[in-house]
Amino acid sequence: MTNKVDFAHVAVVGAGTMGSGIAQVAAQSGRQVTVLDVDADRVARGIGAIAAFLDGSIARGKIDTAERDAILGRIKGVTDVGDLAGAGLVIEAATENAEVKRSILAEVAQVVGEAAVIVTNTSALSVTDLATAVTNPTRFAGLHFFNPAQLMRVVEIVAALQTDEAVIDRLAGLVASFGKDPVVVKDRPGFLVNHLLMPYLNDVVREYDDGLASADDIDTALKLGLGYKLGPLELLDLIGLDVHDHATTSAYEATQDPCYASPPLLRQMVAAGFLGNKNGRGFRVGEAGSR
């Protein structure tokens, strides 16, 4: 099945930035959505973030108040994993820690039953490895949304070695029903987009550290020369230097390919607490990275 009613009830585990964004996308497609997190405060913050995003959409004339209320009305926040029973699809969007994810996935799999499809939104961990935590891993895959999930159109569907092809087909239909573009990829470090992006960003940091050009000139040259919307150093500040450092280090540990080794300057900036836009100190924000 690839129509809109497939996966009529979607559960999202994790009410953070990615989880709340994914929950909104699913609710906007007309589905009932249950959002789980460890405590009521986190759940409330996640649903509050969705409400704020929708209010912004009203201000921009994208939706009206009735549509906002209907979307929010399809989202239920919970703190008990037992409340996920009955969901046809579970999207895990918890912290990027393999052991934490395995524990969550194993518990969720017992609650929702064998028929439910379970996916992870990981951007750096092996989907094949995570699948081992789930009973009947043939129904497990990766469903990698990009931040912000509400706006970014591409979604990577990651086939683990165990994944049944029919599950991939159903997920492609789901993504299309979200109004997004599905791309089916192999389970490899960084999947497709980040597999190519991480070495590029690492090279830029190394060249900047070597004094090839200023941060401003690097971003200007690559935006204007290649037609990118953001320069690479602006992008790193947006992603979060710590987030990129974690992802590229995970890819290096998995492959031992030096192109994924985190550049010394990046590691130093993370150690110093220069994390980019999230705290106003990075390559292009503040003065931490300007030299």
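That block above? That's the structure.
My aim in this report is to walk through the structure given alongside it, one point at a time. (Residues numbered from 1 in each chain as written. Predicted model: local features only at pLDDT ≥ 70, side-chain atom pairs only at ≥ 80, totals over all residues. Heavy atoms only, no water.)

A few points about the pattern of salt bridges
- Tallying each qualifying case throughout the model produces 14 salt bridges.
- Here E96 and K101 are joined by a salt bridge, their closest N and O atoms 3.4 Å apart.
- Residue classification places K101 among the buried positions, given a relative accessible area of 1%.
- For K278, the salt bridge is made with D242, and the minimal N-O distance between the two is 3.0 Å. Remark: D242 occurs in helix α10 (residues 241-255) and K278 occurs in the segment after α11 (264-271); sequence separation between them is 36 residues. (Salt bridge = Lys/Arg side-chain N within 4 Å of Asp/Glu carboxyl O. Buried < 20%, exposed > 50% of the residue type's maximum accessible area, 1.4 Å probe, protein only. Helix = DSSP H or I, 4+ residues; strand = E, 2+ residues; numbered from the N terminus.)

Comments concerning helix α2 (residues 40-59)
- The terminal C-alpha atoms of α2, which comprises 20 residues, lie 28 Å apart, in line with the 28 Å expected from a rise of 1.5 Å per residue.
- Regarding α2, the residues found buried are V43, G46, I50, A51, L54, G56 and S57.
- Contact partners of the buried residues in α2: α1 (17-28), β2 (32-36), α3 (65-73) and β3 (75-78).
- Where α2 starts, the residue carrying a side-chain oxygen 3.1 Å from the main-chain nitrogen of D41 turns out to be D39.
- Where α2 terminates, the next one or two residues include G61, which has phi positive at roughly 75 degrees. (Expected span 1.5 Å × (residues − 1). Contact = heavy atoms within 4.5 Å. Polar contact = N/O pair within 3.5 Å; in protein donor to acceptor, adjacent residues only side chain to side chain.)

Section: the layout of surface pockets
- What the second largest pocket holds in volume is close to 170 Å³.
- Q24, Q28, F53, S57, R60, K62, I63, E67, I71, Q150 and L151 are the residues that line the second largest pocket.
- If you list the elements that add at least two residues to the lining of the second largest pocket, you get α1, α2 and α3.
- When grouped by side-chain class, the residues that make up the lining of the second largest pocket number 4 nonpolar, 4 polar and 3 charged. (1 Å grid on protein atoms, 1.4 Å probe; cavity = no way out; pocket = protein on both sides within 12 Å on 5 of 7 lines; lining within 4 Å. Points joined across faces, edges and corners; volume = space filled by probe spheres on them. Nonpolar A, V, L, I, M, F, W, Y, C, P; charged D, E, K, R; others polar.)

Focus on the pairing of strand β1 (residues 9-13)
- Most of β1 is tucked away: 4 of the 5 residues are buried.
- One ladder, built from 5 bridges, connects β1 with β2; its direction is parallel. Each residue of the ladder has a partner; that of A11, found in β2, is T34.
- The β-α-β motif built from β1, the intervening α1 and the parallel element β2 has right-handed crossover chirality.
- Here β1 runs beside strand β4 (residues 89-92); their pairing, made up of 4 bridges, is parallel. By the bridge assignment for β4, A11 is matched with V90. (Pairing = 2+ DSSP bridges. Right-handed = clockwise from strand over helix to strand, strands pointing away.)

What about the packing of aromatic side chains?
- For the structure shown, the criterion picks out 3 aromatic pairs.
- Taking 6.2 Å as the distance between ring centres and 85 degrees as the angle between the ring planes, the aromatic pair formed by Y200 and Y228 counts as edge-to-face. On the criterion of sequence distance, the pair formed by Y200 in helix α7 (residues 193-209) and Y228 in the loop between α8 (215-226) and α9 (232-239) is long-range, its members being 28 residues apart.
- Residue Y200 is classed as partly exposed on the basis of its relative accessible area of 24%.
- Take Y228: its relative accessible area is 39%, and that puts it in the partly exposed class. (Phe/Tyr/Trp six-rings, centres within 6.5 Å; stacked < 30°, edge-to-face > 60°.)

Side note on the packing of α7 against α10
- Two elements in contact, α7 and α10, have axes whose closest approach is 10 Å; the angle formed by their N-to-C orientations is 115 degrees. Considered as vectors, α7 and α10 are oriented roughly perpendicular to each other. Crossing angle aside, the handedness with which α7 passes α10 is left-handed. For the pair formed by α7 and α10, the contact residues are M198, L201 and N202 on the first element and H244, A247, T248 and A251 on the second.
- For the contact of α7 with α10, the per-class residue count stands at 4 nonpolar, 3 polar and no charged. (Axes fitted to C-alpha atoms, helices over the stretch in contact; angles between N-to-C directions. Parallel < 35°, antiparallel > 145°, perpendicular 65-115°, else oblique. Left-handed = near helix turned anticlockwise from the far one by under 90°.)

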